[in-house]
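Residues per chain, in single letters:
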Amino acid sequence: MTLSGVLLPWLIGAAALLMVVGFIWGLVFAPPDYQQGDTVRIMFVHVPAAWLSLLCYSLIATASVISLIWRHALADVAAKSAAPLGAAFTFLALVTGMLWGQPMWGTFWVWDARLTSFLVLFFIYIGYMALWETIDDPQKAGRAAAILGVVGFINVPIVKFSVDWWNTLHQPASISRLDGPAIHWTILTPLLIMAVAYTVFFFALLFIRMRTEIMKRRVRSLQLAQAAG
Amino acid sequence: MAEFFSMGGYAAYVWPAFLISIVVLAGLVINTLANYRKQQTILAAIENSQTEDTEA
């Protein structure tokens, strides 16, 4: 936590700077795609949001395992604080994907493997957050949420490999391929800047939300002590 | 400039995608900072009342 305190101002500054550079580069300087025209710009907000949805859920699942095995309270705090951020990124990936799908595929939505599994990811986030809210005692809530957090991870490889395992409208991975990215650098550069921007943004907010959650728990224990005394 | 805003005829898709991204990201920042300040105030109030109790 002291480390996060030292890092935090740098993270906030870097996130703000990278966001501004990434948004302007993506909207103004990146060239339109020869097939997709200017809709390719939607990729700069769609792909980083989708990546962060999966990264965030992987973090929640890892923290859940740590919480279940070692009963480390900080793991609970991290997982709980990350969930609303992940839900927001998932929402953004879904909405920007629909706005990209309509002009390029001719439809906002299809029930194919990638889109459906991503919608499931959104519902898992909502269920995970709801579980934290329904149980009052943070320790009990943490246990239940950790179990859901681990079980829900099954969906992450399904999302990732859905484009390879099933025939979907959604295109397969074009960055993380064994033979290197299949995107020209003029479009790849702003995409990677946006990806780093979203990642730094996520961790900056995560650290602030974890500090908030720790304060909340301290308030709770002080109030319980007061009531008992 | 008009060409830039028309986004090659895809303005109705490109701009909303960017706009909603900015709105949601800004919303996360506002929500995160508001919750942080709220807990800070509550915690400070409780710690203050406790030091008063021990002094009295």
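Below, the structure is looked at part by part.

Scoring rules and cut-offs
- Residues numbered from 1 in each chain as written.
- Chains lettered and ligands numbered in written order.
- Predicted model: local features only at pLDDT ≥ 70, side-chain atom pairs only at ≥ 80, totals over all residues.
- Heavy atoms only, no water.
- Helix = DSSP H or I, 4+ residues; strand = E, 2+ residues; numbered from the N terminus.
- Contact = heavy atoms within 4.5 Å.
- Areas by Shrake-Rupley, 256 points an atom, 1.4 Å probe, with all protein chains shown as cover.
- Lys, Arg positive; Asp, Glu negative; His and termini not counted.
- Charge placed at Lys NZ, Arg CZ, Asp CG, Glu CD.
- Buried area = accessible area lost by both parts, 1.4 Å probe.
- Salt bridge = Lys/Arg side-chain N within 4 Å of Asp/Glu carboxyl O.
- Polar contact = N/O pair within 3.5 Å; in protein donor to acceptor, adjacent residues only side chain to side chain.
- Patch = residues over 30% accessible without salt bridge, like charges linked within 9 Å, V, L, I, M, F, W, Y side chains within 5 Å.
- Buried < 20%, exposed > 50% of the residue type's maximum accessible area, 1.4 Å probe, protein only.
- Phe/Tyr/Trp six-rings, centres within 6.5 Å; stacked < 30°, edge-to-face > 60°.
- Axes fitted to C-alpha atoms, helices over the stretch in contact; angles between N-to-C directions.
- Parallel < 35°, antiparallel > 145°, perpendicular 65-115°, else oblique.
- Left-handed = near helix turned anticlockwise from the far one by under 90°.
- Nonpolar A, V, L, I, M, F, W, Y, C, P; charged D, E, K, R; others polar.
- Core = buried A, V, L, I, M, F, W, Y, C linked by side-chain atoms within 4.5 Å.
- Expected span 1.5 Å × (residues − 1).
- Bend = angle between axes of the 7 residues up to and from the residue.

Some thoughts on the overall build of chain A
Helix and strand counts for chain A stand at 7 helices and 0 strands. Reading the helices (α) and strands (β) of chain A from amino to carboxyl end gives α-α-α-α-α-α-α. The principal-axis extent of the C-alpha atoms belonging to chain A is close to 70 × 40 × 30 Å. Across chain A, contacts joining residues at least 24 apart in sequence account for 76% of those joining residues at least 6 apart. For chain A, the accessible surface area stands at approximately 11100 Å², while carbon and sulfur atoms represent 71% of it. Taken together, the 14 basic and 10 acidic charged side chains of chain A have centroids lying 10 Å from each other.

Details of the interface of chain A and chain B
On the chain B side, the residues contacting the 37 residues of chain A number 32 residues. Taking both sides of the interface into account, the surface hidden between chain A and chain B amounts to around 3100 Å²; carbon and sulfur atoms contribute 80%. A salt bridge links Arg 218 of chain A to Glu 47 of chain B; the shortest N-O distance between them is 2.9 Å. At the boundary of chain A with chain B, the tally comes to 5 residue pairs in polar contact (both at pLDDT 80 or more). Mapped onto the side of chain A that touches chain B, the elements with two or more residues apiece are helix H1 (2–29), helix H2 (43–70), helix H3 (73–105) and helix H7 (185–228) of chain A. Looking at which element gives the most residues to the side of chain A that touches chain B, the answer is H7 of chain A, with 14 residues.

Digging into a nonpolar patch on the surface
Residue and element names in this part refer to chain A. Among the surface-exposed residues, Val 65, Ile 66, Ile 69, Trp 70 and Val 150 lie close enough to one another that they form a single nonpolar patch of about 460 Å² accessible area. Looking at which element gives the most residues to the nonpolar patch, the answer is H2, with 4 residues. Assessed through its relative accessible area of 61%, Trp 70 is described here as exposed.

Some details on the packing of aromatic side chains
The way to describe two aromatic rings as a pair is by their centre distance and the angle between their planes. Tallied over the entire structure, the rule returns 14 aromatic pairs over all chains. In this structure an aromatic cluster arises from ring pairing among Phe 89, Tyr 198, Phe 202, Phe 203 and Phe 207 of chain A.

Quick notes on the packing of H2 of chain A against H3 of chain A
Residues and elements named next belong to chain A. Orientation of H2 relative to H3, taken along the N-to-C sense of each, is 155 degrees, at an axis distance of 7 Å. In this view, H2 runs roughly antiparallel relative to H3, as classed from their interaxial angle. The hand of the H2/H3 crossing is left-handed. Among the residues forming the contact of H2 with H3, the class breakdown is 18 nonpolar, 7 polar and 1 charged.

Some points on the nonpolar core
Counting 74 residues, the largest nonpolar core has Met 43, Phe 44, Ile 60, Phe 89, Tyr 198, Phe 201 and Phe 202 of chain A as its most contacted members. Every element with two or more residues in this core is listed here: H1, H2, H3, helix H4 (113–134), helix H5 (138–151), helix H6 (155–165) and H7 of chain A together with helix H2 (11–55) of chain B. In terms of residue count, H3 of chain A provides more of this core than any other element does, 16 residues in total. Those residues in contact with Phe 202 of chain A that sit more than four places away from it in its chain are Leu 52, Leu 55, Cys 56, Leu 59, Ala 82, Leu 85 and Phe 89 of chain A. Met 215, Val 219 and Leu 222 of chain A together with Leu 43 of chain B belong to the second-largest nonpolar core, a separate cluster that totals 5 residues.

Description of H3 of chain A
An α-helical segment advances 3.6 residues per turn. Residues three or four places apart therefore align on the same side. Residues and elements named next belong to chain A. Over its 33 residues, H3 extends 46 Å from the first C-alpha to the last, a length consistent with the 48 Å expected when each residue adds 1.5 Å. The largest bend along H3 reaches roughly 30 degrees and is located at Ala 83, with the proline Pro 84 sitting one to four residues downstream. Within H3, 24 of the 33 residues are buried, which leaves it mostly tucked inside the rest of the structure. Phi turns positive, to about 85 degrees, at Gly 106, one or two residues after H3.

Overview of the environment of Ser 21 of chain B
All names here are of chain B. Summarising the element assignment, Ser 21 is placed in helix H2. The class for Ser 21 is buried, based on a relative accessible area of 0%. Sequence separation of Ser 21 and Glu 52 is 31 residues, and the distance between their C-alpha atoms is 47 Å.

Some details on the packing of H3 of chain A against H7 of chain A
When two helices pack together, their arrangement is captured by the angle between the axes and the distance separating the axes. Residue and element names in this part refer to chain A. Running from amino to carboxyl end, H3 crosses H7 at an angle of 130 degrees, the nearest separation of the two axes being 8 Å. In terms of orientation, H3 and H7 fall into the oblique class. For the pair H3 and H7, the crossing hand works out as right-handed. Packed against H3, whose contacting residues are Ala 73, Leu 74, Asp 76, Val 77, Ala 78, Lys 80, Ser 81, Ala 82, Pro 84, Leu 85 and Phe 89, the element H7 presents Tyr 198, Phe 201, Phe 202, Leu 205, Leu 206, Arg 209, Met 210, Glu 213, Ile 214 and Arg 217 at the interface. By residue class, the composition of the contact of H3 with H7 is 15 nonpolar, 1 polar and 5 charged.

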